[in-house]
Amino acid sequence: MTGPALDGWRFLWGCGIGAVLGVWYGFLRPLRPRHTVFADLLFLPAMGYAFLYLSFAVCRGDIRLGYTMGLLIGAVLWECSLGRLLRPVFYGFWRLISRIFNGFFGIFRKFFKKIRKNAKFLFAIWKKWFTIIETNRRKARRKNGGVGNGKKE
């Protein structure tokens, strides 16, 4: 049986680790509208590691719901307090990263746009050529009536 002081310390550790998770979630929040899967793939391993660290390093294998609720409470408290103040900072950071990548990949975008335009032109000419050739071929004349399969009677 554990004492109340030890339970309190473990709960506070859970709240602290939850606050760190709240910082990480706030940092990844601007990615969620457009890159939801990517943001989740970055957050879920951190959440799993935080749970394992709390359960086995801090609580020494004494897994209880109260300690685990400290993670959630810490994350929610962070988001309600300092997380709101840091949102513009995180949005600004991801906006800067987005501009850098868009500038870098803009060169490739222009190149592929030019290739797509040329490919459309070439395939349109090929399609037109194929249509003209196929419609001007002589078809075997159909004979009306008579016996089929070349049999003469």
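**Section: unusual backbone geometry**
Moving on, step 1. Positive phi, normally seen in glycine, also occurs at Arg60, with a value near 55 degrees.
Moving on, step 2. Relative to the elements of secondary structure, Arg60 occurs in the loop between helix H2 (36–58) and helix H3 (65–80).
Moving on, step 3. Classification of Arg60 as exposed rests on a relative accessible area of 68%.

**Some thoughts on the pattern of salt bridges**
Moving on, step 1. Going through the model one piece at a time under the given rule, you end up with 6 salt bridges.
Moving on, step 2. Notably, a salt bridge pairs Asp62 with Arg10, separated by 3.2 Å at the nearest N-O pair. Residue Asp62 is found in the loop between H2 and H3, and its partner Arg10 is found in helix H1 (residues 4–28); the two are separated by 52 residues along the sequence.
Moving on, step 3. The exposure class assigned to Arg10 is buried, which follows from its relative accessible area of 10%.
Moving on, step 4. Across the pair Glu79 and Arg29 runs a salt bridge, and its minimum N-O distance is 2.7 Å. With Glu79 in helix H3 and Arg29 in the loop between H1 and H2, the pair connects residues that are 50 residues apart, well separated along the chain.
Moving on, step 5. For Glu79, a relative accessible area of 13% gives the class buried.
Moving on, step 6. On the basis of relative accessibility, which here comes to 21%, the residue Arg29 falls in the partly exposed class.
Moving on, step 7. Each of Asp7, Arg10, Asp62 and Arg64 takes part in salt bridges that share partners, so that together they form one network.

Parameters at a glance
- All residue numbers refer to positions counted from 1 along the written sequence of the respective chain.
- Reporting of local features is limited, given that this is a predicted model, to residues whose pLDDT is at least 70; pairs of side-chain atoms are given and counted only at 80 or more, and all residues count toward the totals for whole chains, interfaces and linings.
- Think of the side-chain values as coming from all heavy atoms in the structure, minus any hydrogens and water.
- A run of H or I in DSSP counts as a helix once it spans at least four residues, and a run of E counts as a strand once it spans at least two, with each numbered from the N terminus.
- In this scheme, a residue with accessible area under 20% of its type's maximum is buried, one over 50% is exposed, and one in between is partly exposed, where area comes from a 1.4 Å probe on protein chains only.
- Should a side-chain nitrogen of Lys or Arg be within 4 Å of a carboxyl oxygen of Asp or Glu, the pair is scored as a salt bridge.

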